[in-house]
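A structural walkthrough
One letter stands for each residue in the lines below.
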Amino acid sequence: MTSLFFILRITLATMLTYIIATAILVENFLRYIFGNTEGFFVIVGALLASAVITNAFSHVRRVRLIAGAVNAGTLSSRQRRQIEIPFEAGEVFDMIDAAIRELPGSEVVESARDSLQVQARVRRAAPYTHTGLPRMRLLGFLEPRPNQILATVTPNGEAGSVTLICEPARNAWTDWFLVDHGSNLENAEAVTRALTRRVAQRRRGEQAEARQTVTEKELTVAKLSLLHAQVEPHFLYNTLASAQLLTRSDPVRADEMLGNLILYLRHSLPRTEQAMSTLGTELERARAYLDILKIRMGARLNLQIEVPQYLRQAELPPMMLQTLVENAIKHGLEPKSGGGTIWIMARSGDGTVIVTVADDGKGFSDDGAGTGNGLRNVRERLRLTYGNAAAFAIVANFPDGVTATITVPDSTAQGVSYG
């Protein structure tokens, strides 16, 4: 019924106009010049009606091919779409501008980024007039005219709303007589598909990045679990050997060393249920480790800890403080004949917790340098856990040694947990 009504509307509008024009011409001019011309105009009117009906029927059939359904919306020569895209308005503008420029037949495209508008002229194909058959010049008004597209992006918070208008480049009243053979429906659908494809492509990119980040995080967690599960063999053997010797000469110190080893091992066991630790827990682990070394190294190792009690509940990735302490021992104090001091300090400022491990050992040198895997692991874990909200710096200490500083968001002040 919709198709029939559309064809009848086009035909009636055209024939009514023809009849009125013919009546005026016949009465005022043609009868005076040629005499009786009623039969001629009846034949022309019949041919015109046939051409209009054929053209309207072709439009209906083409719309059905494009849209798969025929209704008032699809039959219209002027198409409007409201498209919501979940990206910032500037990104949405770039998408719609590119989609229109890549449209087949796009000839003139004018875009204004400040006003978030794109205007374009699109050459229109004529699927049913360029058939190779002779065309009646009488129907020259049916020749295809260019279509035009107007796209406006309206910011909507973190999203952008696109108003897309595709229409013939002619006055609206001509729609009573002329059809576009579904070309503007094609343009509207093509631009919508292009936007959908670009949004999907962007989503796939984001998902790929997310999967990569998850993979990197899982790899780092696996490395951390391995780090938890293993205790350096040399450290364990040396500690047990030292404890065995002390049981004969100084049982009290041997008991103290074994107690610190037990505490260190307890904190070093993997805890899969908890992704984050606290500064206090990590400090206990580091303190147990350093107390063991202090018994072994004697006066060659001094320890100074300056960590306020209120900061000990601040969240910190596990084993991170331990890595810095072990680096200070292995590459700073052990290679130095006279040993030295390790400082562990923490302070808060501007919503962050700043943890520093410093030593006055050998400092940066080829002899004291390790593989750097521990520090790379610290940087990578900070990036995966906090993004750009954390920082890590390692610089030379004055006059000797190295200072390593970790800056992380203060979870006690912000009430935010990371994991």
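Now for a look at the structure at hand. A quick note: this is a predicted structure, and the numbers were derived from the prediction, not measured. (Residues numbered from 1 in each chain as written. Predicted model: local features only at pLDDT ≥ 70, side-chain atom pairs only at ≥ 80, totals over all residues. Heavy atoms only, no water.)

Turning next to the packing of helix α8 (residues 279-297) against helix α9 (residues 320-333). Running from N to C, α8 and α9 point in directions that differ by 25°, and their axes come no closer than 8 Å. Considering the angle they form, α8 stands roughly parallel to α9. The handedness of the crossing between α8 and α9 comes out as right-handed. Of α9, the residues touching α8 (which contributes Leu 279, Glu 282, Leu 283, Arg 285, Ala 286, Tyr 289, Leu 290 and Leu 293) are Met 320, Leu 321, Gln 322, Val 325, Glu 326 and Ile 329. (Axes fitted to C-alpha atoms, helices over the stretch in contact; angles between N-to-C directions. Helix = DSSP H or I, 4+ residues; strand = E, 2+ residues; numbered from the N terminus. Parallel < 35°, antiparallel > 145°, perpendicular 65-115°, else oblique. Left-handed = near helix turned anticlockwise from the far one by under 90°. Contact = heavy atoms within 4.5 Å.)

For helix α10 (residues 373-386), spanning 14 residues, the distance from its first C-alpha to its last is 20 Å, which sits close to the expected 20 Å at 1.5 Å a residue. Gly 387 sits one or two positions beyond α10 and adopts a positive phi of about 70°. (Expected span 1.5 Å × (residues − 1).)

Attention now moves to the sheet that holds strand β2 (residues 106-112). Strand order in this open sheet of 5 strands is β1-β5-β4-β3-β2, and the pairing throughout is antiparallel. A single partner strand is all that each edge strand has here, and the edge strands are β1 (79-85) and β2. Strand-to-strand, the axes of this sheet are offset by a mean angle of 15°, without reference to chain direction. (Pairing = 2+ DSSP bridges.)

Glancing now at the pairing of strand β5 (residues 159-168). Burial within β5 is extensive, with 8 of its 10 residues counted as buried. Across 7 bridges, the pairing between β1 and β5 is antiparallel. Bridging across to β5, Gln 79 finds its partner in Cys 166. Pairing between strand β4 (residues 147-156) and β5: 10 bridges, direction antiparallel. (Buried < 20%, exposed > 50% of the residue type's maximum accessible area, 1.4 Å probe, protein only.)

Another aspect to go through is the sheet that holds strand β7 (residues 301-306). Strands sit in the order β7-β9-β10-β12-β11 across an open sheet of 5 strands; the sheet is mixed. Single-partner strands in this sheet number two, and they are β7 and β11 (391-396). Adjacent strand axes in the sheet meet at a mean angle of 10°, parallel and antiparallel pairs treated alike. Lying on the sheet, α8 is in contact with β7, β9 (340-349) and β10 (352-359); it crosses β7 at an angle near 160°. Together, β11 and β12 (402-409) form the strand contacts of α10, whose direction differs from that of β11 by roughly 155°.

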